[in-house]
Amino acid sequence: MLFSAFILGLISSLHCVGMCGPIAMMLPVDHKNEAKKVTQIITYHFGRLTAYSTIGLIFGLLGRGFFLAGMQQKMSILIGITMILIVLIPEKVFVKYNFSKPVYKVISNIKSSLGSQFKKKSYKSLFTIGLLNGFLPCGMVYVALFGAIAMQSASLGVLYMLLYGLGTIPLMTVVVYVNSLLKLPFRNKIQKAIPYVAIIIGVLFILRGLGLGIPYLSPSNMSLFVQGTPNCH
């Protein structure tokens, strides 16, 4: 079910328009030379894909560890419950306990580095902007990473995140040309829809982990996206 990564990327790009769209709009591209502009945008996306592939490798290895330990089904249920709780628990609760304080400094450094790259117009800076953009915290990227964990291997984890990134490219490219997509009413509608998508995906992960014997949706011999054991005849 690798195709699910690309589809998730397409859906996530609606979220990306609201969150990362301003970065795409500010890219230091050459607006007078259309051919050069296209190659510059591709370079930016290549940076994002590199970031996604890197974290896909890390989480694919993590998923491989869970698979070898026989924890695949329990992990699927835990991931699904966590996704739903993150959506349902008010944001002020997380702020109160300040769970994310340890990563604030890292995020601040990434944003500072991004700011300095926007002052340059080289291909290296465009690649760096894409790379740093890919490492910025994003709820939909977290959802995709759950899929990378479920792939049960490092190589498939990389491929899953690569396909996810490719799914985000069409709309993120359009944003560079059409600024009207970022108007506040449109962004508000997107933000309201995202929690429902996350809950649905969370429920699917729980069903997968329960192993209810429902073909494709909740198979009894659970393997999320790839076959866990070969069929030998």
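Quantities reported herein were computed from a predicted structural model and do not represent experimental measurements.

Trainee: Before we move on, could you go through the packing of helix 8 (residues 139-150) against helix 9 (residues 154-177) and cite the residues and values that matter?
Mentor: Each packed pair of helices is defined by two parameters, the angle between the axes and the distance between the axes. Where helix 8 meets helix 9, the axes come as close as 9 Å, and the angle between the chain directions of the two elements is 145 degrees. Of the two elements, helix 8 crosses helix 9, and the hand of that crossing is right-handed. On the side of helix 8, the interface is formed by Met 140, Val 141, Ala 144, Leu 145, Gly 147 and Ala 148, while helix 9 contributes Gly 157, Tyr 160, Met 161 and Tyr 164. Classifying every residue of the contact of helix 8 with helix 9 by side-chain character gives 8 nonpolar, 2 polar and no charged.

Trainee: I'd like to hear about the nonpolar core, residue by residue, with values.
Mentor: Grouped together as the largest cluster of nonpolar side chains are 22 residues, with contacts concentrated most on Leu 8, Met 83, Val 141, Met 161, Tyr 164 and Phe 205. The set of elements that each furnish at least two residues to this core consists of helix 1 (3-19), helix 3 (34-68), helix 4 (72-88), helix 8, helix 9 and helix 10 (184-210). Looking at which element gives the most residues to this core, the answer is helix 8, with 8 residues.

Trainee: Run through helix 8, naming residues and quoting values.
Mentor: Structural remark: α-helix, 3.6 residues per turn; residues separated by three or four positions point the same way. In this model helix 8 runs 17 Å from its N-terminal to its C-terminal C-alpha over 12 residues, within 8% of the 16 Å that 1.5 Å per residue would give. Burial analysis of helix 8 places 10 of its 12 residues in the buried class, which makes it a mostly covered element. When we look at burial in helix 8, the residues that qualify are Met 140, Val 141, Val 143, Ala 144, Leu 145, Phe 146, Gly 147, Ala 148, Ile 149 and Ala 150. Backbone geometry just after helix 8 places Gln 152 at a positive phi near 70 degrees.

Trainee: So, the packing of aromatic side chains: which residues are in play, and what are the values?
Mentor: Each aromatic ring pair is characterised by the separation of its centres together with the angle its planes make. Tallying each qualifying case throughout the model produces 2 aromatic pairs. Ring centres of Phe 46 and Phe 127 lie 5.7 Å apart, and the angle between their planes is 40 degrees; this geometry places the pair in the tilted category. Taken together, the residues Phe 46 in helix 3 and Phe 127 in helix 7 (residues 123-135) connect sequence positions 81 residues apart. Aromatic pair Tyr 52 and Tyr 164: ring centres 5.6 Å apart, planes at 75 degrees, arrangement edge-to-face. Here Tyr 52 is found in helix 3, whereas its partner Tyr 164 is found in helix 9, with 112 residues between them in sequence.

Trainee: Lay out the side chain of Ser 125 with the relevant residues and their values.
Mentor: Within the secondary structure, Ser 125 sits in helix 7. Those residues in contact with Ser 125 that lie beyond four places of it in its chain are Gln 117 and Lys 120.

Trainee: With reference to specific residues and values, describe helix 9.
Mentor: Here helix 9 is 24 residues long and its end C-alpha atoms lie 36 Å apart, about the 34 Å a rise of 1.5 Å per residue gives. Its maximal kink placed at Ile 169, helix 9 deviates by approximately 35 degrees, while the proline Pro 170 follows within four residues.

Trainee: Tell me about a nonpolar patch on the surface, and name the residues and values.
Mentor: On the surface, a cluster of nonpolar side chains totalling about 380 Å² of accessible area is made up of Val 38, Ile 42, Val 174, Tyr 177 and Val 178. Among the secondary structure elements, those contributing two or more residues to the nonpolar patch are helix 3 and helix 9. When you line up the elements, Val 174 lands in helix 9.

Calculation rules
- Residues numbered from 1 in each chain as written.
- Predicted model: local features only at pLDDT ≥ 70, side-chain atom pairs only at ≥ 80, totals over all residues.
- Heavy atoms only, no water.
- Axes fitted to C-alpha atoms, helices over the stretch in contact; angles between N-to-C directions.
- Helix = DSSP H or I, 4+ residues; strand = E, 2+ residues; numbered from the N terminus.
- Left-handed = near helix turned anticlockwise from the far one by under 90°.
- Contact = heavy atoms within 4.5 Å.
- Nonpolar A, V, L, I, M, F, W, Y, C, P; charged D, E, K, R; others polar.
- Core = buried A, V, L, I, M, F, W, Y, C linked by side-chain atoms within 4.5 Å.
- Buried < 20%, exposed > 50% of the residue type's maximum accessible area, 1.4 Å probe, protein only.
- Expected span 1.5 Å × (residues − 1).
- Phe/Tyr/Trp six-rings, centres within 6.5 Å; stacked < 30°, edge-to-face > 60°.
- Bend = angle between axes of the 7 residues up to and from the residue.
- Patch = residues over 30% accessible without salt bridge, like charges linked within 9 Å, V, L, I, M, F, W, Y side chains within 5 Å.
- Areas by Shrake-Rupley, 256 points an atom, 1.4 Å probe, with all protein chains shown as cover.
- Salt bridge = Lys/Arg side-chain N within 4 Å of Asp/Glu carboxyl O.

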